[in-house]
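These are the residues of each chain, in order.
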Amino acid sequence: MIASIRGEVIELALDHAVIETAGVGYQLNATPATLARLTRGEEARLHTALIVREDSMTLYGFADTETRDLFGLLQTVSGVGPRLAMAVLAVLEPETLRKALAAGDLAALTRVPGIGKRGAERMVVELRDKVNLVPVPDTPGAAPAPVHTPVREQVLEALTGLGFPLKQAEPAVDAVLAEQPDAGNSTALRAALGMLGKNR
């Protein structure tokens, strides 16, 4: 089992990073929140989970063990695999996720593409007693006028790839880029996901 990887970040994409250690580059799938903490050319350490299937071996990277543990916990729910678990962690920050599960907040859970009401109910029933309730203050989201930047199309493509409809993704991306016109791909994607999670 590969528990963590430390080395130079040699590639950053919207859904993964490549970290080179001991001459080997490891591709790690990660959430926008994790990727936003990495800088190409600098050393980083990520906690990892290795998912082995008959036809693949996939590494997932996390900024801390808490998020990695939640990734594993989510997959104990029937019907939740690694991709859906990552989608949950991409939309909901760990504290928000624990709060939603403990409080039975179906509305928060169904904001994740691929999780309907029945799936959210199953997650609450199976995980409610396994997470700690951590209060998270609500922060109101602003809705500035749209701003177009080269980052916009790539972030929209990533959001639609995660399952968000274009008509829902566009206002969130425009709002983020209006506030942060110089934001990079990972930063803008993370902020847009946060806004979609709160305001859907």
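Heads up: the structure comes first, above all this text.
This structure is a prediction, so every number in the text was calculated from the model and none was measured.

Below, the discussion takes up the layout of surface pockets. Over the atoms rolls a probe the size of a water molecule, and its path tells where empty space is left. Taken as a whole, the second largest pocket encloses approximately 520 Å³ of empty space. Forming the walls of the second largest pocket are 20 residues, and the residues nearest its centre are Asp15, Arg83, Met86, Gly161 and Leu162. Looking at the lining of the second largest pocket, the elements with two or more residues in it are α3 (82-91) and α7 (150-161). With 6 residues, the top contributor of residues to the lining of the second largest pocket is α3.

Okay, the packing of aromatic side chains next. For the structure on display, the rule yields 2 aromatic pairs. For the ring pair Tyr60 and Phe71, a centre distance of 5.0 Å and an interplane angle of 40° mean the geometry is tilted. With Tyr60 in strand β5 (residues 56-62) and Phe71 in helix α2 (residues 65-74), this residue pair connects regions lying 11 residues apart in the sequence. Judged on exposure class, the residue Tyr60 and its partner Phe71 are both buried. Both rings, one in Phe62 and one in Phe71, keep their centres 5.0 Å apart while their planes meet at 45°; by these two values the pair is tilted. Each of the two residues, Phe62 as well as Phe71, counts as buried. Feature note: the residues Tyr60, Phe62 and Phe71 constitute an aromatic cluster, connected by ring pairs.

Among the structural elements, Pro181 can be located in the loop between α8 (166-179) and α9 (185-199). Sequence separation between Pro181 and Arg152 is 29 residues; the distance between their C-alpha atoms is 10.0 Å.

Turning to the pairing of strand β4 (residues 43-53), a few remarks are in order. Each regular strand shows side chains that alternate between the opposite faces of the sheet. For strand β1 (residues 4-12) and β4, the ladder comprises 5 bridges, and the chain directions are antiparallel. Residue pairing in the sheet places Arg6 in a bridge with Arg45 of β4. In this sheet, β5 lies alongside β4 in antiparallel orientation, the contact comprising 7 bridges. Following the sheet pairing, Ala49 is matched in β5 by Tyr60. Connecting the antiparallel pair β4 and β5 is a turn made up of 2 residues.

What counts, and where the lines are drawn
Residues numbered from 1 in each chain as written. Predicted model: local features only at pLDDT ≥ 70, side-chain atom pairs only at ≥ 80, totals over all residues. Heavy atoms only, no water. 1 Å grid on protein atoms, 1.4 Å probe; cavity = no way out; pocket = protein on both sides within 12 Å on 5 of 7 lines; lining within 4 Å. Points joined across faces, edges and corners; volume = space filled by probe spheres on them. Helix = DSSP H or I, 4+ residues; strand = E, 2+ residues; numbered from the N terminus. Phe/Tyr/Trp six-rings, centres within 6.5 Å; stacked < 30°, edge-to-face > 60°. Buried < 20%, exposed > 50% of the residue type's maximum accessible area, 1.4 Å probe, protein only. Pairing = 2+ DSSP bridges.

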